[in-house]
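Observations on the model geometry
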Amino acid sequence: MGKRLHLAAALLATVIVTVFCAATLTVELLGTRPQIALVKQLIVFPGLAILIPALVVTGLSGNRLARGHRHPLVGRKMTRMRLIAGNGILILVPCALYLSHLASANRFDARFATIQGLEICAGITNIVLMALNIRDGLRIRRGPQGDVADDRGAR
Ligand code: HEM
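About the thresholds
- Residues numbered from 1 in each chain as written.
- Predicted model: local features only at pLDDT ≥ 70, side-chain atom pairs only at ≥ 80, totals over all residues.
- Axes fitted to C-alpha atoms, helices over the stretch in contact; angles between N-to-C directions.
- Helix = DSSP H or I, 4+ residues; strand = E, 2+ residues; numbered from the N terminus.
- Parallel < 35°, antiparallel > 145°, perpendicular 65-115°, else oblique.
- Left-handed = near helix turned anticlockwise from the far one by under 90°.
- Nonpolar A, V, L, I, M, F, W, Y, C, P; charged D, E, K, R; others polar.
- Near = placed C-beta within 6 Å.
- pLDDT = per-residue confidence, 0-100.
- Contact = placed C-beta atoms within 7 Å.
- Buried ≥ 20, exposed ≤ 12 C-beta atoms within 10 Å, placed from the backbone.

As for the packing of helix 1 (residues 2-30) against helix 2 (residues 33-67)
At a closest axis distance of 8 Å, the pairing of helix 1 and helix 2 adopts a crossing angle of 155°. Compared by their axis directions, helix 1 and helix 2 come out roughly antiparallel. In this structure, helix 1 crosses over helix 2, and the sense of that crossing is left-handed. The residue inventory of the contact of helix 1 with helix 2, partitioned by class, reads 19 nonpolar, eight polar and three charged.

Take a look at the structure:
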């Protein structure tokens, strides 16, 4: 149950961040201003209302799974999770709120562009960190034998 919950929450969170980034880039390259404002608003709600609990469940269930493990990759996953959370709380959530506010006021100025650039960079960073955590989660699941098999395959 713990593993399934971790898997489901982790994949949901990763998909949501990827969809946020893809929707933002698509609408800003191809969409109208009202469409951009709509996407920015949907990212705040219901987007963040789904993403934040999914990340909390991922972290909590991951920590619980980590208790039974001595695998060296567990520590790396935990460090990445801290970076993901810090990035989210300090950069992504404030950017999402501010961009939605600016877009709803039709203020597509230099400030909007700068904050949008920052949000995209932080978002892509989190997607990469989450992808690395998926890779290491699958490696941990395979166990030490999986690692040996990998080494043989690489030779
Ligand atoms: C966004 C962050 C994370 C993502 C995307 C993620 C993703 C995954 C995935 C896809 C698996 C494989 C599950 C399966 O196939 O059943 C996994 C397993 C695992 N994860 Fe995470 N994880 C994250 C955070 C964490 C954290 C913070 C920890 C705590 C250190 C953690 C510890 C583990 C452990 C120990 C397993 C192996 C479970 C087992 O097979 O015994 N994960 N993770």
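Structure shown, so let's carry the discussion forward.
A closer look at the packing of helix 2 against helix 3 (residues 72-104)
The interhelical angle for the contact between helix 2 and helix 3, taken along N-to-C directions, is 165°, at an axis separation of 10 Å. For the element pair helix 2 / helix 3, the angle class is roughly antiparallel. Helix 3 is crossed by helix 2, and the crossing has left-handed handedness.

Things to note about the site of the ligand
Around the ligand, a shell composed of 25 residues is seen, among which A10, G62, M81, G137 and R141 lie nearest. With seven residues, the single largest contributor to the shell around the ligand is helix 4 (residues 110-154). Residue composition of the shell around the ligand, by class: 13 nonpolar, nine polar and three charged.

Looking at the confidence of the model for the chain
The pLDDT averaged across the chain works out to 93; a share of 92% of its residues lies at or above 70. In this model, residues 146-155 is a region of pLDDT below 50 whose contacts with residues beyond four sequence positions or in other chains number two contacts.

Here's the deal with unusual backbone geometry
Between F45 and P46 the backbone carries a cis peptide bond, its omega angle lying at 10°. With respect to the helices and strands, P46 occurs in helix 2. With phi around 60°, N106 is a residue other than glycine that occupies positive phi space. Mapped onto the elements, N106 comes out in the loop between helix 3 and helix 4. Judged by C-beta crowding, with 11 C-beta atoms within 10 Å, N106 ranks as exposed.

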